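Residue strings, one per chain:
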Amino acid sequence: MQSITQWDWQPGRKTVLRSVSPMAGHQWQEEIQASPDGETMAAIVRLGEDGFGLRTNDTLWETLFEKAWCPRFAPDNRLTALVQVDGLWTLAVDGETWPETYDFIWNTLFSPDGSTIAAAVQQDMRYGMSRNGETWETLFDNATGYAISADGGSVAAMVQTVPLGQADVETFAKGVYSLAVNGTAWPVNFLNCWSPVLDATGAHAACQVRLNTSEYTVAINGIPWKRTFSCVWEPVFNPATGVVAAPVRIGGKWGMAANGEILWKPAFSQCWQPAYGPDGENLWAIVATDYGHFTVARNGQPWKPTFPVVTDLVLSPDGRHAAALGSANNAAFRIMVDGTVWDGAYDMANKPVCSPDGRHVAVRVEKDGAAMLLCDGRPLKEKFDQLWDPLFSPDSTKLLVRAVQQGAFVRLVLPLAAATGETS
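Summarised in this report is the structure supplied together with it. Just so we're clear, the structure is a prediction, and the values are computed from it rather than from any experiment.

1. So, the overall build of the protein chain
Inference 1: On a plain count of helices and strands, the protein chain comes out with two helices and 44 strands.
Inference 2: Taking 424 residues into account, the globule formula puts the C-alpha radius of gyration at 22 Å, and the protein chain, at 23 Å, falls close to it.
Inference 3: In the protein chain, which comprises 424 residues, the proportion classed as buried is 52%.
Inference 4: Counting contacts in the protein chain only where the partners sit at least 6 residues apart, residues at least 24 apart contribute 37% of the total.
Inference 5: Working note: accessible area of the protein chain is about 19300 Å², and carbon and sulfur atoms make up 49% of it.

Structural data, given as structure tokens:
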């Protein structure tokens, strides 16, 4: 498998596929997908009574399936799909199916390098996860909220560890939910659990928990913080120290706590989606300075621009810069970078992408029915029928564009000077 450094970064345009329309003999074709390196287009296709196949450019996987859904490229460019064979489901990777089969499978997850693929599974009305085709030895009455560690070594899910009959309020009130990591549940139950997160190595896990009808906190490796709150949101690990931080609510206001101690004074109407940079020095989150006035805060200090809605907070690789989307209730999308709002409003905008050196930001947007790409606030001159998220070269000097243009699947590598209008 090629790493991103081995991709073709020679500037220029390549027509990978002259037409993305269904091929001859294909009854219909689902939404197309683009590989990260831009060299392959894929789609699930229906071949009449023969079943379903996976199209890759102008070829098909050799194996056909009774059903197929959720085609996804892994970060290492392998193509995956959830498929049904002989009435049972499994996951196929580049045409090869996992050895185990299930009553159902969903929620494909990838490690950042693509080496690990995981999915949620159901077998005999029991639920859990499979990692690289190996299913948890213990499955549970229920499972949700799936997560994978950055190294791909661990997968986790919120699970129901105690059987619960219909309208069995008494058992429910004692706590029936816990967190399972690699199939082993914590030896403690809670009234509710949500939003599991794993540290980079998968050795430690944390999640939101509800202790009773009014007290919420965060549990780490099964041990809850000593302090409780009226509400909490998804926790995050400090990658440098291992400390766990989470948004917390006190007295109707939101702030941030670390290992149960207040880190940001509760002063916001809302606070969520916390994120640390790799050195652990900068903690970011989406906050509301007042009702309906959302923005981004760094170490508790909010940016000045506010919007009715702020989403898709993204950090630069060094954690010192951030970008996010602001909108007027999911219309008139704007892009914020380090507290500055780019010119222009768009019908739709997608999650920003930061360059490896943190100096550049690119975003794909839509306006008046056309797909466009912005880089550092400047729109590229070309417009497209369809775009996927852009990717920066490892040295941050080029931009890879994957697009459908006039019915063809094209791959463009642009020097950043061409994308940003720089002259030197």
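2. A closer look at unusual backbone geometry
Inference 1: Phi at Asn132 is positive, roughly 50°, even though this residue is not glycine.
Inference 2: Mapped onto the secondary structure, Asn132 falls in the loop between β13 (126-131) and β14 (134-135).
Inference 3: The class of Asn132 is partly exposed, set by a relative accessible area of 34%.
Inference 4: Of note, Asn182 is a non-glycine position whose phi angle comes to about 55°, a positive value.
Inference 5: Summarising the element assignment, Asn182 is placed in the loop between β17 (177-181) and β18 (184-185).
Inference 6: Here Asn182 falls in the partly exposed class, since its relative accessible area comes to 36%.

3. Brief notes about the pairing of strand β5 (residues 52-56)
Inference 1: Within β5, five of the five residues are buried, which leaves it mostly tucked inside the rest of the structure.
Inference 2: Along β5, one buried face is formed by Phe52, Leu54 and Thr56 and the opposite face, lined by Gly53 and Arg55, is buried too.
Inference 3: The pairing of strand β4 (residues 41-46) with β5 spans five bridges and is classified as antiparallel. Across the sheet, residue Ala42 finds its bridge partner in β5, namely Thr56.
Inference 4: Taking the residues between adjacent antiparallel strands as the criterion, β4 and β5 are bridged by five residues, where Gly48 takes a positive phi near 60°.

4. Thoughts on the pattern of salt bridges
Inference 1: Within the structure shown, the criterion is met by nine salt bridges.
Inference 2: Note that Glu39 and Lys14 form a salt bridge whose closest N and O atoms lie 2.6 Å from each other. Here Lys14 lies in strand β1 (residues 12-17) and Glu39 lies in the loop between β3 (33-34) and β4, a separation of 25 residues in the sequence.
Inference 3: Connected via shared salt-bridge partners are Lys14, Glu39 and Arg411.

5. Concerning the environment of Leu64
Inference 1: Secondary-structure assignment places Leu64 in the loop between β6 (59-60) and β7 (67-73).
Inference 2: On the basis of relative accessibility, which here comes to 33%, the residue Leu64 falls in the partly exposed class.
Inference 3: Linking Leu64 and Asp50, residues 14 residues apart in sequence, is a C-alpha distance of 7.3 Å.
Inference 4: Discounting chain neighbours no more than four positions away, the residues touching Leu64 are Leu47, Asp50, Phe52 and Gly53.

Conventions and cut-offs
- Residues numbered from 1 in each chain as written.
- Predicted model: local features only at pLDDT ≥ 70, side-chain atom pairs only at ≥ 80, totals over all residues.
- Heavy atoms only, no water.
- Helix = DSSP H or I, 4+ residues; strand = E, 2+ residues; numbered from the N terminus.
- Rg over C-alpha atoms; globule rule 2.2 N^0.38 Å.
- Buried < 20%, exposed > 50% of the residue type's maximum accessible area, 1.4 Å probe, protein only.
- Contact = heavy atoms within 4.5 Å.
- Areas by Shrake-Rupley, 256 points an atom, 1.4 Å probe, with all protein chains shown as cover.
- Pairing = 2+ DSSP bridges.
- Salt bridge = Lys/Arg side-chain N within 4 Å of Asp/Glu carboxyl O.

So yeah, pure geometry; function would need other evidence.
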